[in-house]
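# Geometric and topological summary
Given next are the chains, with one letter for each unit.
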There are 2 protein chains.
Amino acid sequence: MPSISKENYIKAVYSLCQNDAHSVSTSALATKLNITNAATSDMAKGLSKQGFIKYEKYKGVSLTPKGEKTAIEIIRKHRLWELFLMKSLELGWEEVHSEAEHLEHQTTEFLMNKIDDFLGNPKFDPHGEPIPQKDGTIPNMEAQISLNKSQVGKEYLVKRVNDESKEVMDYFTEIGLNLNSKIKIKNFLKYDNSTIIELNDNVHSFSEKIGKRIFISQLNE
Amino acid sequence: MPSISKENYIKAVYSLCQNDAHSVSTSALATKLNITNAATSDMAKGLSKQGFIKYEKYKGVSLTPKGEKTAIEIIRKHRLWELFLMKSLELGWEEVHSEAEHLEHQTTEFLMNKIDDFLGNPKFDPHGEPIPQKDGTIPNMEAQISLNKSQVGKEYLVKRVNDESKEVMDYFTEIGLNLNSKIKIKNFLKYDNSTIIELNDNVHSFSEKIGKRIFISQLNE
DNA sequence: TTGTAAAGTTAAGCATACTTAAACTTGAAT
DNA sequence: ATTCAAGTTTAAGTATGCTTAACTTTACAA
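Given the structure is predicted, the values throughout are model-derived calculations rather than measurements. All chains use their own residue numbering, which begins from 1 and follows the written sequence. To label them, take the chains in the order written and letter them from A, then take the ligands in the order written and number them from 1. Totals for whole chains, interfaces and linings use every residue, but because this is a predicted model, local features are given only for residues with pLDDT of at least 70 and side-chain atom pairs only at 80 or more, for both listing and counting. The side-chain numbers reported here are obtained from all heavy atoms of the structure, hydrogens and water having been left aside.

### Comments concerning the pairing of strand E8 (residues 214-218) of chain B
Residue and element names in this part refer to chain B.
- For E8, the tally of buried residues reaches 4 of 5 residues, placing the bulk of the element in the interior.
- Here the rule is simple: two strands pair whenever DSSP picks up at least two bridges between them. Each helix is a run of H or I in the DSSP string that is no shorter than four residues. Each strand is a run of E no shorter than two, and both are numbered from the N terminus. Here strand E3 (residues 145-146) pairs with E8 via 2 bridges, running antiparallel. Each residue of the ladder has a partner; that of Ser 146, found in E8, is Phe 215.
- Note that strand E4 (residues 155-161) and E8 share 5 bridges and pair antiparallel. Only protein chains enter the calculation, and the probe is 1.4 Å; a residue is then buried if its accessible area is under 20% of its type maximum, exposed if over 50%, and partly exposed in between.

Printed below as a string of structure tokens:
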């Protein structure tokens, strides 16, 4: 029942609480949502009163169980739409994020479950992200590290990528980097912390910022 | 670019200008949109200033060419979604209207054209309504009359139904009334203007209000 | 032709979701 | 302990999309 703005706020709290701590600052939310600090503080009051978030002034924001349930439902819709658009319409993995971003707010439970069943109740979306299940549980991902944390000389498989930037996803597509692509780490440049890898017999480099958004697992020979 | 409220307003103007005149009263719009008269007058000013409608105080509302183009684009999205949900997810013809009602406002041209192509650029939706094409043209329907205007004793094929009421669509499904169902007109009751028909060897009656929403064409032997 | 009921509009008010600008906390360096 | 800059919140204002209540216009019946 929350509005689109509120759903996006809840989603942002969820995603920013994943990596870091158990709470987010309002300014981090403002950056993520592209609104002013003032607006995020304001919004926090409303969502707190409605029981979606825990908010202590000057201390940041975190989700209540109710808020987390809501976030997971939205993420479920987002990821199922992504997979569905790829499977049924053959969109590219770089095209589906922005469409899902809109559709996720206008999809009934009924339709979502139809799509889920059509897809055979999948566990992962086209970018390797786990799809929250009908019962709210989130499938486990196999152990992964970000590209930045890899070891020079070793080989890995690409297991997950962050799809928020269409630009970056287009680049991945262009160089043939896909889920389960095999890569070999050639070097780390001290100069800018970029990573040099070998992929399909070609050499590429990724900036630190991009490297943080590629997740890999070690290839066991 | 109009908001969801504005899109729905434009759609309502379009649909209410179809049957009757070339213009609608604000109160007719209020009834259709389930908002107050005051709100429709207010909205009219805004949409008029933005060039979507022609609005003269106390004289009703009509679409400008720009408004009509917008209306047709929304209807295209609605009807393509309906067909797509039926074809790809096997939803029933009674289930797709309310889903499309939401999705139509959150769908890019890009995605819509993908869906259009996937479906083979169809000309009619699951309820017999013509689907506006990519170029804005609307396919011609073959000559149809509403059930009310039929002749006792003659046989007809069901060619189009109004799908706005889920309740009514559920009833059609229950009695096995589909597109291209063959029906025979048994009688008109003077008492309440209802129509008695024969369908699949069963006899049914439809109120005047429902009869107005079933469109048929004469069966040529 | 005029009075009046119905139809339609304006005015004022509310909630949401923002903005900018001013005021306030916090905490870390002095 | 004090200061002050960064971070955060409050206050005031805006646009949208509605509401209710009061007012205006229209049309048509007498």
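That was the structure; now back to the text.
### Topic: the sheet that holds strand E5 (residues 182-189) of chain A
Residue and element names in this part refer to chain A.
- Reading across the sheet, the 6 strands line up as E3-E8-E4-E5-E6-E7 and stay open at both edges, with antiparallel pairing between neighbours. With one partner strand each, in any of the chains shown, strand E3 (145-146) and strand E7 (202-206) form the two edges of the open sheet.
- Inspection of the sheet shows strand E4 (residues 155-161) paired to E5 by 3 bridges, in the antiparallel sense. Along E5, the bridge assignment pairs Leu 157 with Lys 182.
- Across the sheet, helix H7 (residues 166-175) touches E4, strand E6 (194-199), E7 and strand E8 (214-218), and the angle it forms with E7 is around 165°. Note on definitions: a residue-residue contact is assigned when non-hydrogen atoms from the two residues lie within 4.5 Å. Only the contacting stretch of a helix is used when fitting its axis, a line to C-alpha atoms as for every element, and angles between N-to-C directions run 0 to 180 degrees.

### Things to note about the protein's contact with DNA strand C
- By convention in these notes, a residue is near a molecule or strand provided one of its non-hydrogen atoms lies within 4 Å of it. Around DNA strand C, 20 residues are found, and the nearest of them are Ser 3 and Thr 36 of chain A together with Ser 27, Ser 41 and Tyr 55 of chain B.
- The sugar-phosphate share of atoms of DNA strand C within 4 Å of the protein amounts to 78%.
- We define a polar contact as two N or O atoms separated by no more than 3.5 Å, with the added condition that, inside protein, one atom must be a possible hydrogen donor and the other a possible acceptor, whereas residues neighbouring each other in sequence contribute only through side-chain atom pairs. Contacts to DNA strand C include Thr 26 of chain B, whose side-chain N or O atom sits 2.9 Å from a phosphate oxygen.
- Ser 41 of chain B places a polar side-chain atom, nitrogen or oxygen, 2.4 Å from a phosphate oxygen of DNA strand C.
- Contributions of two or more residues to the surface near DNA strand C are made by helix H1 (4-19) and helix H3 (37-49) of chain A together with helix H2 (26-33) and helix H3 (37-49) of chain B.
- The classification used treats Ala, Val, Leu, Ile, Met, Phe, Trp, Tyr, Cys and Pro as nonpolar, Asp, Glu, Lys and Arg as charged, and all other residues, Gly among them, as polar. Per-class residue counts for the surface near DNA strand C are 8 nonpolar, 8 polar and 4 charged.

### A word on the packing of helix H4 (residues 65-89) of chain B against helix H5 (residues 96-103) of chain B
Residues and elements named next belong to chain B.
- For the pair H4 and H5, the least separation of the axes is 8 Å and the interaxial angle reads 130°. Between H4 and H5, the angle is such that the two are oblique. In terms of crossing hand, the pair formed by H4 and H5 is right-handed. From H4, His 78, Trp 81, Glu 82, Leu 85 and Met 86 reach across to H5, where they touch Val 96, His 97, Glu 99, Ala 100, Glu 101 and Leu 103.
- Taken together, the residues that form the contact of H4 with H5 break down as 6 nonpolar, 2 polar and 3 charged. Under this scheme an angle from 65 to 115 degrees is roughly perpendicular, one under 35 degrees roughly parallel, and one over 145 degrees roughly antiparallel; angles in between are oblique. Crossing handedness is defined as follows: a turn of the near helix away from the far one that is anticlockwise and smaller than a right angle gives a left-handed crossing, while the clockwise case is right-handed.

### Some remarks on the interface of chain A and chain B
- With 19 residues of chain A in contact, the opposing surface of chain B contributes 19 residues.
- Buried area is a sum: the accessible area each of two parts loses on coming together, probed at 1.4 Å, counted once for each and added. In total, chain A and chain B occlude about 1,800 Å² of area from one another, counting both sides; carbon and sulfur atoms represent 72% of this.
- Should a side-chain nitrogen of Lys or Arg be within 4 Å of a carboxyl oxygen of Asp or Glu, the pair is scored as a salt bridge. Taken together, the links from chain A to chain B amount to 0 salt bridges.
- Scanning the region where chain A abuts chain B turns up 2 residue pairs in polar contact (both at pLDDT 80 or more).
- Of all the secondary-structure elements, those providing two or more residues to the side of chain A that touches chain B are helix H4 (65-89), helix H5 (96-103) and helix H6 (109-118) of chain A.
- Residue composition of the side of chain A that touches chain B, grouped by class: 11 nonpolar, 5 polar and 3 charged.

### Looking at unusual backbone geometry
- Look at Tyr 58 of chain A: it is not a glycine, yet its phi comes out positive at around 65°.
- Mapped onto the fold, Tyr 58 of chain A is located in the loop between strand E1 (53-56) and strand E2 (60-63).

### Side note on the packing of aromatic side chains
- Each Phe, Tyr or Trp ring (for Trp, its six-membered ring) is paired with any other whose centre lies within 6.5 Å, and the angle between the two planes then decides the class: stacked below 30 degrees, edge-to-face above 60, tilted in between. This structure, assessed with the given rule, holds 10 aromatic pairs over all chains.
- Both rings, one in Trp 81 of chain B and one in Phe 84 of chain B, keep their centres 5.9 Å apart while their planes meet at 65°; by these two values the pair is edge-to-face. With a gap of 3 residues between them, Trp 81 of chain B and Phe 84 of chain B both fall in helix H4, about one helical turn apart.
- Centre to centre, the rings of Tyr 171 of chain B and Phe 206 of chain B are 6.5 Å apart; their planes meet at 80°, and the pair counts as edge-to-face. Linking Tyr 171 of chain B in helix H7 (residues 166-175) with Phe 206 of chain B in strand E7 (residues 202-206), this pair joins segments that are 35 residues apart in sequence.
- By relative accessible area, Tyr 171 of chain B is classed as partly exposed at 31%.
- Since its relative accessible area comes to 1%, Phe 206 of chain B is described here as buried.
- In this structure an aromatic cluster arises from ring pairing among Trp 81, Phe 84 and Phe 118 of chain A together with Trp 81, Phe 84 and Phe 118 of chain B.
- Above the face of the Phe 52 of chain A ring, Lys 66 of chain A is positioned so that its terminal group lies 4.4 Å from the ring centre.
- Lying across the ring of Phe 215 of chain A, Arg 160 of chain A places its NZ or CZ 3.9 Å from the centre. Charge over a ring is defined by NZ of Lys or CZ of Arg lying within 6 Å of the ring centre and within 35 degrees of the ring normal.

### Here we look at the pattern of salt bridges
All names here are of chain A.
- Summed over the entire model, instances satisfying the criterion amount to 24 salt bridges over all chains.
- We note a salt bridge from Lys 11 to Glu 101, for which the minimum N-O separation is 3.1 Å. Highlighted residues: Lys 11 in helix H1 and Glu 101 in helix H5, separated in sequence by 90 residues.
- Assessed through its relative accessible area of 13%, Lys 11 is described here as buried.
- Between Lys 69 and Glu 73 there is a salt bridge; the shortest N-O distance is 3.4 Å. Residue Lys 69 and its partner Glu 73 are both found in helix H4; the two are separated by 4 residues, about one turn of the helix.

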